[in-house]
Amino acid sequence: MTNIYSNLIEGRWVPARSGATFDDVNPADTADIVGRLPDSGPPDVEDAVRAAARALPGWAATPAPVRGRYLLRAAHAVEKRLEELADLLSREEGKTIGEARGEVTRAVRILEYFGGEGARLSGRTIPSERERVFMYTLRQPLGVVALVTPWNFPIAIPAWKTAPALVCGNTVVLKPAEQAPLTALRLAEILQETDLPPGVLNVVFGGGPGAGAPLVAHPEVRGVSFTGSDVVGRQVAQVGARRLARVQLEMGGKNPTLVLADADLDTAVECTLNAAFYSTGQRCTATSRAIVEKAIAPAFLERLVARTGALRIGDPRRPDTQIGPAIDAAQLETTLRYLDTARAEGARHVAGGERLTEGALARGHFLRPAIFTGVRPDSRLGQEEVFGPLLAVMEVDGFEEAVTVANATRFGLSATICTRDVSRALEYVARAEAGMVMVNLPSAGVEFQIPFGGLKDSSSGTREQGPAAAEFYSETKTVYMKY
Ligand code: UN1
């Protein structure tokens, strides 16, 4: 028997008005239906936005420290259920159980952090040019906000958008991705069980065209925070711009890992392996280009190929598995197509790329991570985001060429440099066209208390996470007082 789940609208769990549903499928075993969820449409979105609008005055008037305490209660509840939530996350998304535990823990920390922010949402006092005039700023909520989240971090991203939205006094309609919706549902359930007033948090499940599009286009939605593909992100920006809604976009990447000749080889290999292949390469912060100085390239490649060949691929809920499946057949197909593209472009295939179909693996979307060398910086594999375990290696003559190649894409999310030379590292920090730069650390795997976001085509709008998050989720009001 497949469990049937509902939307959360005004504190009640309700099916889609049309009665339509879709299935949440385990990507490691497509015979396992994790749950059945409402396939929402415009009438459900309408109900959710109206509920959020009705709840807004009361929530906005609730003192921010009190709003924060709901998040702290939710943090404790999520932590108590860590094992159950991690297992669900791994089952519906396919990342390994260890990564899933890490992600649920990250959600706990995010809820704690923004819970504490309730008491710190301060404005500023600024001196006036005039006598006996007092000037200050204060923060007020934006209004009803729409949060559209991807499948690859099914609890961390809903948490890192919902928590700052709520603590800043907004009411929320969350639309999680169809491929991994149940972890977000559990998060919403836990938040609702803290006695959040009805309508403060609403969740509608469904697809982009059916549920996401009418939500983003709704005239009462004042802000949209979206994480996903850059094709959809651009549509969201255009729809938002028409009514001057505030829009925050986190989209793709073609993130480089630069390996300089003086790098510690172990560090460079482990950073690259982790960032390129863990989470099956399905992170917007994943490394998809290794830009390696010629002097170290043979040693680096030999070790990277060996480590890649030894990766344990399989059921992500087994404790010793290192790489799980692609999220669905379409994502696997995309990666397979890029293998063909890379070959057609003349790149050299040096590792992986085989589908794994033995025994129970036949019912999942498994692929051995692949490495190509001799990839031209201007080729499709050098430029386009794959969102799978596929690494392009490019050899360069020195630091200058490494920086030029690293910057030569339209994306600019995160970037890593592996070197023991602090001056080189700092020079790269200055010149990298990326919103986040890591030195001797993987390009993926971020913390919650520092801003997250990219440059160029990777992001738009103010930063997520840390104190920067409040910039998106609140308006500044300026006050002048003569006394
Ligand atoms: C991480 O690297 O820890 O969708 C987070 C994504 C990003 C989050 C990456 N927005 O992959």
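This text follows the structure it describes.
Cut-offs used in this document
- Residues numbered from 1 in each chain as written.
- Predicted model: local features only at pLDDT ≥ 70, side-chain atom pairs only at ≥ 80, totals over all residues.
- Heavy atoms only, no water.
- Near = heavy atom within 4 Å.
- Polar contact = N/O pair within 3.5 Å; in protein donor to acceptor, adjacent residues only side chain to side chain.
- Areas by Shrake-Rupley, 256 points an atom, 1.4 Å probe, with all protein chains shown as cover.
- Nonpolar A, V, L, I, M, F, W, Y, C, P; charged D, E, K, R; others polar.
- Axes fitted to C-alpha atoms, helices over the stretch in contact; angles between N-to-C directions.
- Helix = DSSP H or I, 4+ residues; strand = E, 2+ residues; numbered from the N terminus.
- Parallel < 35°, antiparallel > 145°, perpendicular 65-115°, else oblique.
- Left-handed = near helix turned anticlockwise from the far one by under 90°.
- Contact = heavy atoms within 4.5 Å.
- Salt bridge = Lys/Arg side-chain N within 4 Å of Asp/Glu carboxyl O.
- Buried < 20%, exposed > 50% of the residue type's maximum accessible area, 1.4 Å probe, protein only.
- Disulfide = S-S within 2.5 Å.
- Pairing = 2+ DSSP bridges.

K.L.:
Explain the site of the ligand residue by residue, including any values.
P.N.:
Taken together, 13 residues lie near the ligand, and Arg106, Cys284, Thr285, Gly445 and Val446 sit nearest. Threonine 285 places a polar side-chain atom, nitrogen or oxygen, 2.5 Å from an oxygen atom of the ligand. Here the ligand loses 99% of its free accessible area of 320 Å² to cover by the protein chains. Tallied by class, the residues present in the shell around the ligand amount to seven nonpolar, four polar and two charged.

K.L.:
Can you explain the packing of helix H2 (residues 64–80) against helix H4 (residues 97–117)? Please cite residues and give values.
P.N.:
Where H2 contacts H4, the axes come no closer than 7 Å and their chain directions differ by 160°. Taken together, the axes of H2 and H4 lie roughly antiparallel to each other. Like other packed secondary-structure pairs, H2 and H4 cross with a definite hand, here left-handed. Side by side, H2 and H4 meet where Gly68, Leu71, Leu72, Ala74, Ala75, Val78 and Glu79 of the first sit next to Val104, Val108, Arg109, Leu111, Glu112, Phe114, Gly115 and Gly116 of the second. Taken together, the residues that form the contact of H2 with H4 break down as nine nonpolar, three polar and three charged.

K.L.:
Report on the pattern of salt bridges, specifying residues and quantitative values.
P.N.:
The tally for this structure, following the rule as stated, stands at 33 salt bridges. The salt bridge partner of glutamate 79 is arginine 109, with a shortest N-O separation of 4.0 Å. Taken together, the residues glutamate 79 in helix H2 and arginine 109 in helix H4 connect sequence positions 30 residues apart. The class for arginine 109 is partly exposed, based on a relative accessible area of 30%. Among the salt bridges present, the one from arginine 101 reaches glutamate 83, with a minimum N-O distance of 2.9 Å. One end of the pair, arginine 101, is in helix H4; the other, glutamate 83, is in helix H3 (residues 82–93), and 18 residues separate them in sequence. A relative accessible area of 33% means that arginine 101 is categorised as partly exposed. Of the residues examined, glutamate 83 reaches a relative accessible area of 45% and is grouped as partly exposed.

K.L.:
Tell me about the state of the cysteines, residues and numbers included.
P.N.:
Simply put, disulfide is the name for a covalent bond between the sulfur atoms of two cysteines. Applying the stated criterion across every chain yields a total of zero disulfides. Cysteine 271 supplies the cysteine sulfur nearest to cysteine 418, a cysteine that is in no disulfide, at a spacing of 4.2 Å.

K.L.:
Would you mind going over the pairing of strand S6 (residues 133–141) in detail, with residue names and values included?
P.N.:
In this structure, strand S5 (residues 125–127) lies alongside S6, joined through three bridges in antiparallel fashion. Looking at S6, one finds that proline 127 is bridged to phenylalanine 134. What sits between S5 and S6 in their antiparallel hairpin is a turn of five residues, with arginine 132 showing a positive phi close to 55°. Where S6 meets strand S22 (residues 474–482), nine bridges bridge the pair, whose relative direction is antiparallel. Bridge pairing in S22 links valine 133 to lysine 482.

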